[in-house]
Amino acid sequence: MTTQENITSVLVENRIFVPHKNFIEQANLKKEEYERLLLKANTDFEGFWAELAERNVHWFKKWDKVLEWKEPFSKWFIGGKTNVSYNCLDRHLKDKANKTALIWVGENDEKRTITYQELFNEVCKFSNVLLNLGIKDGDRVVIYMPLIPEAVVAMLACTRIGAVHSIVFGGFSQEAILDRVNDAKAKMVITADGGYRRGQAVPLKLNVDNALEKCSSVEKVIVVQRIKNKIDLKSGRDYWYHELINNASLENKACELDSEHPLFILYTSGTTGKPKGILHTTGGYLTWVTQTTKWVFDIKDKDTYWCTADVGWITGHSYVVYGPLSCGATTLLYEGAPNHPDWGRFWKIVEENKVSIFYTAPTAIRAFMKAGSEWVKKYDLSSLRLLGSVGEPINPEAWMWYHKNIGQERCPIVDTWWQTETGGILVSPLPGITTTKPGSATVPLPGIFASVVDENGNSVPSDQGGYMVIKKPWPSMLRTIYGNDERYVQTYWSRTKSAYFTGDGAHKDKDDFFWMLGRVDDVIKVSGHLLSTMEVESALVSHSSVAEAAVVGYPDEIKGEALCAFVVLKQSASDHQSTLSDELKQHVAKQIGPVAKPDQVRFTEVLPKTRSGKIMRRLLRDIASGKQTVGDTTTLEDMSVLEKLRVQDEE
Ligand code: PRX
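Residues numbered from 1 in each chain as written. Predicted model: local features only at pLDDT ≥ 70, side-chain atom pairs only at ≥ 80, totals over all residues. Heavy atoms only, no water.

**Q** Sorry, what's going on with the overall build of the chain here?
**A** For the chain, the count of helices and strands is 21 helices and 31 strands. Computed over C-alpha atoms, the radius of gyration of the chain comes to 24 Å, within 12% of the 26 Å expected from 2.2 N^0.38 for 651 residues, which places it in the range of a compact globule. Dimensions of the chain, computed from C-alpha atoms along their principal axes, come out at roughly 70 × 60 × 50 Å. Classification of the 651 residues of the chain by burial places 62% in the buried group. Counting only contacts in the chain whose residues sit at least 6 apart along the sequence, the fraction spanning at least 24 positions is 70%. For the chain, the accessible area works out to roughly 25000 Å², and carbon and sulfur atoms hold 48% of it. (Helix = DSSP H or I, 4+ residues; strand = E, 2+ residues; numbered from the N terminus. Rg over C-alpha atoms; globule rule 2.2 N^0.38 Å. Buried < 20%, exposed > 50% of the residue type's maximum accessible area, 1.4 Å probe, protein only. Contact = heavy atoms within 4.5 Å. Areas by Shrake-Rupley, 256 points an atom, 1.4 Å probe, with all protein chains shown as cover.)

**Q** Looking at this structure, how should I read the sheet that holds strand β17 (residues 304-307)?
**A** One key point about sheets: their strands pair by backbone hydrogen bonds, in either a parallel or an antiparallel sense. One open sheet holds the 7 strands; their spatial order is β6-β5-β18-β17-β19-β20-β21, and the pairing between them is mixed. Looking at the sheet topology across the chains shown, the edges are occupied by β6 (111-115) and β21 (413-416). Looking at each pair of strands side by side, their axes are set apart by 20 degrees on average, direction ignored. Pairing of strand β19 (residues 357-360) with strand β20 (residues 386-390) involves 4 bridges; the strand directions are parallel. Residue pairing across strands places T360 opposite S389, the latter belonging to β20. (Pairing = 2+ DSSP bridges. Axes fitted to C-alpha atoms, helices over the stretch in contact; angles between N-to-C directions.)

**Q** Sorry, what's going on with the layout of surface pockets here?
**A** Counted as a void, the second largest pocket has a volume near 330 Å³. Lining the second largest pocket we find 16 residues, and of these Y34, L38, P444, L445 and I448 sit closest to its centre. Here the element with the most residues in the lining of the second largest pocket is helix α2 (residues 31-43); it accounts for 5 residues. Looking at the lining of the second largest pocket, its residues break down into 12 nonpolar, 3 polar and 1 charged. (1 Å grid on protein atoms, 1.4 Å probe; cavity = no way out; pocket = protein on both sides within 12 Å on 5 of 7 lines; lining within 4 Å. Points joined across faces, edges and corners; volume = space filled by probe spheres on them. Nonpolar A, V, L, I, M, F, W, Y, C, P; charged D, E, K, R; others polar.)

**Q** Which parts of the structure should I look at to understand the site of the ligand?
**A** Within the structure, the ligand sits among 16 residues, and D415, T416, Q419, T420 and R519 are positioned closest to it. Separating a nitrogen atom of the ligand from a side-chain N or O atom of D415 is a distance of 2.7 Å. Protein burial of the ligand: of its 550 Å² of free accessible surface, 89% is covered by the chains. At the level of secondary structure, the elements contributing two or more residues to the shell around the ligand comprise α12 (314-326), β21 and β26 (514-519). The residue makeup of the shell around the ligand, split by class, is 6 nonpolar, 5 polar and 5 charged. (Near = heavy atom within 4 Å. Polar contact = N/O pair within 3.5 Å; in protein donor to acceptor, adjacent residues only side chain to side chain.)

**Q** Looking at this structure, how should I read the sheet that holds strand β25 (residues 500-508)?
**A** One open sheet accounts for 4 strands, arranged β22-β23-β25-β26; its pairing is antiparallel. Two strands lie at the open edges of the sheet, namely β22 (450-453) and β26, each paired on one side alone. When the angles between neighbouring strand axes are averaged without regard to direction, this sheet yields 45 degrees. As paired elements, β25 and β26 share 4 bridges and run antiparallel to each other. Across the sheet, D504 pairs through a bridge with R519, a residue of β26.

**Q** Explain the packing of helix α6 (residues 116-132) against helix α7 (residues 149-161) to me, please; I cannot follow it from the model alone.
**A** Geometrically, a packed helix pair is captured by the angle between its two axes and the distance between the axes. Direction vectors running N to C along α6 and α7 enclose 65 degrees, while the axes themselves pass 8 Å from each other. Relative to α7, α6 is oriented so that their crossing is right-handed. Contacts between α6 and α7 involve L119, F120, E122, V123, C124, F126, S127, L130 and L131 from the first element and V153, A154, L156, A157, C158, R160 and I161 from the second. For the contact of α6 with α7, the residue count by class is 13 nonpolar, 1 polar and 2 charged. (Left-handed = near helix turned anticlockwise from the far one by under 90°.)

**Q** Sorry if this is basic, but what is going on with the nonpolar core here?
**A** Note on soluble globular proteins: their nonpolar side chains tend to be buried together. Formed by 143 residues in total, the largest nonpolar core has its most connected members in W49 and F126. Of the residues forming this core, the biggest block, 9 residues, is contributed by α7. Not counting chain neighbours up to four residues away, the residues in contact with F126 comprise V153, A154, A157, I190, I222, Y241 and I245. Counting 29 residues, the second largest nonpolar core, distinct from the first, contains V105, M369, V376 and L384. (Core = buried A, V, L, I, M, F, W, Y, C linked by side-chain atoms within 4.5 Å.)

Written as structure tokens, this is what we have:
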């Protein structure tokens, strides 16, 4: 990419929101302290991180050296000894034994509340169960479970004894289990007899049984009884969780682990086939997830915090479990779907549990927008004081809807940019400090040196698009791709000089605010301009008839690539399809410029999405270019979506 060809960034957003006085006064992080931290990170980088590690983590033994940086491999707090489970449980028992650690809401409206003391007891017992079944420090344990408290117990027990967990999202198929178990050479799988999804039973144990037929490393399987369906237990391999735990001793001392001890592997999809096992380690990860939970979510002792992610994703690891529990907070888990039994479900949970901090994904926000604000109005959301967004760029219209309808114009919104690889949030507003602009994740947090560069690694001028990179290491960064250092170097450290390549396009505005333009793969070149599909989508969604849109490129003889927009209309607009196509093209042309005008607009009832809610653009690209769909569709939420789109194509 030469300088002239930099990603064309054309989204204009002028609205700004300054922090409210009442919020500023009570915020965990105050402006003077923020400025001191920024300065310290600039002038005394290692001293800055040492201060954060000291302040946020209990160390059995202090480190000898803050950082060893042999680019691109880092080690943090070398020589330090700590334990994640100890930090999330034991250290709170003195003051908070009877405080609620977990509130769990089941899809069928069951509810469990678990105190810090109860969670500690269960984790100690389960740690002994793991040890008794031969799990040792460093062994890999795959967790494939519904979102139930036992999933959190399993995570914390692994960390307590130094086993390395690798969670496979409970919505994934048996092939996904197979790939991950084999890549990690896991010794154990922890699962459940089944889970619920929109009232349907999901046969988790059966999927494990099928996968394990082709895996030789797994010696033991532990099964939590969740739905009480009939399953087979293979003698000598499979055990019921409740039977083992009933007989386990309560005495368990957390292991004193090296700061760089592997904590977990989490698989994430790459641009090419095989998933990448992202490896995170102990002390640095814990330092940053604890600190960012305090800064970004402004978490306090009295809060009820709800992040809607599943523990199968990095957001679930860092901001459902480890960050909040390390802070001694109350964290809520909800097992089911946002629209089960209806679109009021989330707001009912907020009302009933007086949730004060709520963190979700733009895809959910757009779905709620489409369902209509009447679902929200039925419930009392006055307990909310802060909202968060994560996972993809939030388009300004969705931001405004969130602000008005959920935040009732009272709650700051933190649009948090980060990745599985970054371990924790890197770019985000700090509530009480940062002025927000709808659609921008704003500025990097103290200690994070993010930049937008061209192919040669040179910073690009403001308002010009480029690659988003991180120029200095940070403690919660991935250490490598499990078992594949070469792929780690290749994927993240070879695109630009001396910087971590995020794979995202971005631009900075004149105030140095970051505007994420989506994955570089989702950037399209039309008539010599690189356009972000996200910006065109945003323009479409700003039209009053559009609920959701996905834009992809397809080859065009003259333009290089042309734009195809897949559009989901709001219920009220679906009768006007014939006239809307032209109107939408004109609308985009007006919002962004003629270059961004979609060549095709296709209406659809739903978009193909992964189970985590990401639009599967690769599939849409195939459909737009008239190709048969090739490649992996195992993560597709609803296979019938593809068929519907194809049929439409043939019509
Ligand atoms: O493209 C960015 C997008 O999600 C990618 C990371 O995905 P994953 O590893 O699944 O982690 C998601 C949860 C942290 C990023 O490279 N992304 C994430 N958050 C944002 C975002 N894009 C724009 N704004 C965000 N707030």
